[in-house]
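# Summary of the model geometry
So the chains spell out like this:
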Amino acid sequence: MAVCLLVLIAIGSLLFWLYQLNKDYYILAFFAPRVRTKDGRPLKSIVPVAKGNTIFGNCFDLYGTNEAEFFQHSRIRAKELGSSYLEYGLGTPIYNIIDADNAEFVLNDQSLITKSMIYDFLKPALRTGLLISTDKKWHSRRKMLTPTFHFNILGQFEEVFKAESLKFVKQFEGQSETDISLSELIPRFTLNSICETAMGVKLDDMAEKGDLYRKNFAMIEKSFIKRLSNPFYWNKTIYEIFGAKEDAPALKIIHEFSSEIIAKRRLLLKEELKQLQNLQTADEDIYINKKQRFAMLDTLIFAEKDGLIDHEGICEEVDTLMFEGFDTTSIGLIFGLMNMSLYADKQELCYQEVSEFIEDDFSNVDINQISKLKYLECFVKETMRLFPSVPIMARQTVRETELANGLILPARSQITLHVFDIHRNTKYWDSPDEFRPERFLPENSKDRHTYAYIPFSAGQRNCIGQKYAMLEMKTLLIVVLKQFKILPLVDPKDFVFNTGITLRTKNNIRVKLVRLGSLLFWLYQLNKDYVVLAFFAPRVRTKDGSPVESIAPVVKGKTIFGNSFDLYGKTEGELQLNDCKFVVHNLDNLFVLPAAMFQELRKNAKEIGISYLKYIFGMPIYLIIDAENAELILNDPNLITKAPTYEFLYPALRTGLLTSTDKKWHSRRKMLTPTFHFNILGQFEEIFKAESLKFVKQFQGQTEVLISLSELIPRFTLNSICETAMGVKLDDMAEKGDLYRQNFAMIEKCFIRRLSNPFLWNNTIYKLFGAKNDAPALKIVHEFSSEIIAKRRLLLKDELKQSQNLQADEEDIYINKKQRFAMLDTLIFAEKDGLIDHEGICEEVDTLMFEGFDTTSIGLIFGLMNMSLYADKQELCYQEVSEFIEDDLSNLDINQISKLKYLDCFVKETLRMFPSVPGAGRQTIRETELANGLILPARSQITLHIFDIHRNPKYWDSPDEFRPERFLPENSKDRHTYAYIPFSAGQRNCIGQKYAMLEMKTLLIVVLKHLLFWLYQLNKDYVVLAFFAPRVRTKDGRPVESIAPVVKGKTIFGNSFDVYGTTDAEFFQDARLKAKEVGTSYLEYSFGMPVYNIIDAENAEIVLSNPSLITKGLIYDFLQPALRTGLLTSADKKWHSRRKMLTPTFHFNILGQFEEVFKAESLKFIKQFEGQSESDISLPELIPRFTLNSICETAMGVKLDDMAEKGDDYRQNFFMIEKRFIKRLSNPLFWNKTIYELFGTKKDVPQLKVVHDFSSEIIAKRRLLLKEELKQRKNSQEADEDIYINKKERFAMLDTLIFAEKDGLIDHEGICEEVDTLMFGGFDTTSIGLTFALMNMSFHADKQELCYQEVSEFIDDDLSKLDINQISKLKYLECFIKETMRMFPSVPGSGRQTIRETELANGLILPARCQINLHIFDIHRNPKYWDSPEEFRPERFLPENSKDRHTYAYIPFSAGQRNCIGQKYAMLEMKTLLIVVLKHFKVLPLFDPKELVLNVGITLRTENNVKVKLVRRK
């Protein structure tokens, strides 16, 4: 015992010591010393600390990542934290700098010249050269080497750069174009350059060795990254044991290469000096003339002679400068050439500048001339801003260091400057991801922070070779630009950056070089005026020379051929909606547009947001989606010629009014416009009425009927156009009419096929390969129209004959020119006057007949669909029609119809949302300048996307909502006139628009007056589409919405299917989102029932206090297979009886006995962690076991010690039953008991058996135990103390039920019901409360500490005085639990239903079987009662803070007569376990609360496994 005590004391002391030490050191980050602040402020006030991915700080954040993930890690951190930040990694703090101010602090600090420890990883390769060395060695070498990059030296180097650049382009000699891999070729060029300049050695005869050097350095870099990402390898000894041997072969090759370079230069220098000495006097001795400057390797060799460096030192610097000199510059050049290819306009500016200052033979290429290339300099700088060769630099402190920002960094702190992130910091660079060289023009950079751009570092350790690098890069770019056009072969969106010693990409960066003056260059030049690959489509220009994109963005094509094939193959499938099709029609004609094609156009409009350009098969296409540009086009007198796509209609419609142009169109327009005059329409109205009555007559005798609008409406409209405009009834031609429509649909399919395949746009190709399929359909269509004409000629002849018999000569119909006739008659008369021939008549009849029936049918289909979808709008239309139109339709004429203002708005809104003509087309016949500054070439196509104009949020708020009121005068007076153009506008507007409106209104009136009356009447009291859900009313007749808004469903079936197919998390969030959006208690209509959703305390009180509302909601029936009809699910007398019976079983006296059980079970709970100083535990696994044990031992009187496995099995199977419950809840088809029993219940049977077997065993076991207890008790008591007589004695639940059974108050089945109910409710709800309480303890350390202090004050360490009275003193702990249950109520929702029509106190009248959902979760987070409701603040429940709060704002145990009888039991159990845990452990978090995802369940569930860490207190 003594030993155990000593061990415990030792462990406690150790933990206390570690706790104290953790203030100064981050212990779990391997004792990383903590960063402090100068003035003692919290560290986070200066710099955020990044949370690690493991408990070991940031030590293993990069462990196991690949190079791309490694790179992205820092980018994500920078974006998330937004400022420079701290990390703690393997024994050291790391200060990560992403802003210029802190970069300036560090780079200018004289004490911060020592490189970070990660540079040590490069020592095997680069040794301790200028890059890695520090202190005196660095100062000495820096002083020695800086002059080797002097201006005079660079002048000599320029000749080498020029020669190497010419050699670079020479390898493409004889090729007019070539695809090159920059990642392969550029590093060879830069290695050659650094060796010949700084090292004085040409690699001509060492090319293979140079390639081998680069290849092996890449292998060294891989090892560097591997070491960097594995903190165990940071230790030199460990790395040398386990990792270094893999590097040896590569190190040998690179060191041999550098040694050979040195040896070769020694020999060459010796020869050069010998020759030089023969030519000079003694006083010119190269060793004496110290002012002469030499390249780097020569300088080192001379310094060796002077004893300033040894051979090893020379090797160090050669290794360093050779790697840096080739690698960093190659990165800059790779991205420089890549950017040239990607930004043709910037390349052009660079080319123009180079052409101005550099001769074609490069004779004047020198430093001075290059310095004049200001834009090229900006280009290179912008490249290095976006793609810095060295994306990070690092330092470390050698002693405790105070920074200018107030941070105190311990010795050996690492400082990482993230150059990549500084260069893209929005604080210094607007739109930082855009490539804009102009940023570096003097006027644009004068106010920029100096340290916002540091590709070559800055301060005392800046790069000595930066001018060298810039000169080399510019030289190669000049030479390449003078000979080649650079074209892209990569998409920057596909780039994946990798971490390396320098900036790397996963991609092989390639470009295409096209020789200037070649055929391809000619094509490139041509491409300025034509999009060559879009089959030479001429480019759109602007009047002022500004980029076209500044007016109209150009959509990138899906292939290299511009947009030519964007719609290719998209001919299958149509977008269906209630038997209706979305259609396309280029102004006056209409065609079904396949869904994929239709959606592609909508997607473009949505993504781009303004009118835009495409280039397709030799033509530019200007796609208009705004009213302003629509007005420009439709009012331009030069733009009356229809687009080429209208030519695809010629075989069917020939060149009638729709497709003709110029004189022919003007002549026909003038001829036909009077045929739709007001007087003519007056005659037509009688026909519309007759046809409408004929339409509804086919449903005579049926009280309801389901109809396919797409089948019936076109027949109605074809009949109407034939009888009105053509003067021919189709009564005896009905079959031919149907055949006409059927064959026109086939022609339409061919039209779409042709439209989506640009190869078929050519008439010749189409006639060869496509036209033969159309011939049969065309024959039928033309025969039908010809028969109509022939029939009308005969009828007209007879009519004229009769007319002439009745009139005088002066009334001759041929002489009375002012008389107006319908269309076909007008054409026949015009034929007599020689104004048109028979073929012309056929053209116009084909055109008008098709247009007249099809466009109007689309409007009517969507009009009737909208009537069905929007019952409230239908009601307003019906009321208006009833007011102005007689039931017998006797007064139905144009004048009367004109009074129907709301119906007019309804039809207009239908045509806004579903325009029969969603697109209209024009083309330019000559170069055309638009008012917006665009210059369109001849034969440019212009497409007006009426569908998108009509849904443009610039003109229509909430454009996808159906709101006829938009068209009331007061709402439309300020709207752009061309925001609504369903009949086009301008000179080519639809001549039949009044005809169409009159026809549509007439049929709608007749249908409303006849067919929809019954449905409408029914819909007043029932939401018909929500499966006849009865409507909620108000007491005073007010609109229901004035008390409770009605939430719009996600389908036409009300809210029936709102959660169908959702995940548990989405199901849970659905109610949360509605509560948030609506803001008050609201109504839904779902599967035959209204649902009143309550999210406020006032309405909760109304419901919970209503004595007639004790029947549980329908969803509780779903629990009956598991819980049967116990206290939770029963109602009426049964519930009252059971409630009365069971309430005393949770009396104060009983709870006093239970407390001992809670304490014992709590001690058993923590005993499982005995001997562990800390333990990570899963609360959803352990807590339910604790609560099930507790409810069984207390309420059931049975210990589960020997039934533990069965208890686990019970819980596991109940969880599976819950899954089935949720599945049933989310699928309204399963709400029906019969359907569920047929298709769903069989899967529940095994789980139900396990659950019921367990509860039955509990009951059986308790019967035996109770029998023994009573037997023992009888032996020790008097007769008058008989347990059966002493009715005032109180017993726990199961005992009470067994005694009640003896009194005949309940049977065995009733006992099973209550045990099933109380056992589930008792273990599950309390376990939820405890899970979230312990989770909150872990998240809120300060609140946990207050609870602990309180527990320590009132509860003895040995728990001897732990009883109800003592627990009642823990006021703060009570507040803590209440706040937990406010934020995470175990039962987030409660349900009731009305059994008869019920009037609520708020004025709502709920029908019988109305469901009432009390969303406790939302009431508990309603900001009306809780300020900052998402914050965890136990203090809310202190008396002074809660006295004015609504009583029903907090109802975790429900309230009113059906409140939870076990609430005191639950609170006592939760407090007891929390007390015991707090007395022994500190609770720490193991996950981020932001990651918590809540799921729907019978009770509140989480998608996460909620885990905490228990750390034993001393």
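Structure's up top.
Residues numbered from 1 in each chain as written. Predicted model: local features only at pLDDT ≥ 70, side-chain atom pairs only at ≥ 80, totals over all residues. Heavy atoms only, no water.

## Describing the overall build of the protein chain
A count of helical and extended segments in the protein chain gives 54 helices and 41 strands. Across its three principal axes, the protein chain shows a C-alpha extent of roughly 140 × 125 × 50 Å. The buried share among the 1514 residues of the protein chain stands at 56%. Pairs at least 24 residues apart make up 75% of the contacts formed inside the protein chain by residues separated by at least 6 positions. Surface summary for the protein chain: the accessible area is close to 67800 Å², and the carbon and sulfur share equals 55%. Charged side chains in the protein chain number 195 positive and 205 negative. The centres of these two groups are separated by 2 Å. (Helix = DSSP H or I, 4+ residues; strand = E, 2+ residues; numbered from the N terminus. Buried < 20%, exposed > 50% of the residue type's maximum accessible area, 1.4 Å probe, protein only. Contact = heavy atoms within 4.5 Å. Areas by Shrake-Rupley, 256 points an atom, 1.4 Å probe, with all protein chains shown as cover. Lys, Arg positive; Asp, Glu negative; His and termini not counted. Charge placed at Lys NZ, Arg CZ, Asp CG, Glu CD.)

## Digging into the pattern of salt bridges
The final tally for this structure, using the stated rule, is 115 salt bridges. In this structure, E316 and R141 form a salt bridge, with 3.0 Å as the shortest nitrogen-oxygen distance. Note that E316 is positioned in helix α12 (residues 311-342) and R141 in helix α5 (residues 135-145), a separation of 175 residues in sequence. Neither residue differs from the other here; E316 and R141 are each classed as buried. (Salt bridge = Lys/Arg side-chain N within 4 Å of Asp/Glu carboxyl O.)

## So, the environment of S720
Looking at the secondary structure, you find S720 in helix α25 (residues 709-724). Distance in space between the C-alpha atoms of S720 and R1031 is 39 Å, their sequence separation being 311 residues.

## Here we look at helix α47 (residues 1293-1302)
Within α47, eight of the 10 residues are buried, which leaves the element mostly enclosed by the surrounding structure. Check the buried side of α47 and you find it contacts α41 (1132-1142), α46 (1245-1274) and α48 (1308-1339). Downstream of α47 by one or two residues, G1304 has phi in the positive range, about 75°.

## Digging into the pairing of strand β27 (residues 941-944)
Each regular strand displays side chains that alternate between the two surfaces of the sheet. Of the two faces of β27, the one lined by Q941 and T943 and the one lined by I942 and L944 are each fully buried. Both strand β23 (residues 619-624) and β27 contribute to a ladder of four bridges, which runs parallel. From the neighbouring strand, I624 faces β27, where its bridge partner is L944. (Pairing = 2+ DSSP bridges.)

## As for helix α7 (residues 182-197)
The terminal C-alpha atoms of α7 lie 22 Å apart, and with 16 residues this matches the ideal 22 Å at 1.5 Å per residue to within 8%. Of all 16 residues in α7, 13 are buried; the element is thus mostly enclosed. (Expected span 1.5 Å × (residues − 1).)

## A look at unusual backbone geometry
A positive phi angle is found at S431, which is not glycine, with a value near 45°. Here S431 lies in the loop between α16 (419-422) and α17 (442-445). Even without a glycine there, the phi angle at D1132 is positive, about 55°. For D1132, the position within the fold is in helix α41.

## Some words on the packing of aromatic side chains
All told, the structure shown has 83 aromatic pairs when counted by the stated rule. Ring centres 4.6 Å apart and planes at 15° place the aromatic pair Y343 and F435 in the stacked group. Within this pair, whereas Y343 is found in the loop between α12 and α13 (344-357), its partner F435 is found in the loop between α16 and α17, the two being separated by 92 residues in sequence. Plain terms: the ring middles of F1169 and F1481 are 6.1 Å apart, the flat faces sit at 85° to each other, and that makes the pair edge-to-face. Separated by 312 residues along the polypeptide, F1169 in the loop between α42 (1148-1167) and β33 (1174-1178) and F1481 in strand β38 (residues 1481-1485) bring together distant segments of the chain. Of the two residues, F1169 and F1481, both sit in the buried class. Taken together, the ring pairs connect F535, F561, F565, F617, F648, F751, F759 and W761 into an aromatic cluster. Over the face of the ring belonging to W956 we find R912, whose NZ or CZ atom lies 5.1 Å from the ring centre. (Phe/Tyr/Trp six-rings, centres within 6.5 Å; stacked < 30°, edge-to-face > 60°. Lys NZ or Arg CZ within 6 Å of the ring centre and 35° of its normal.)

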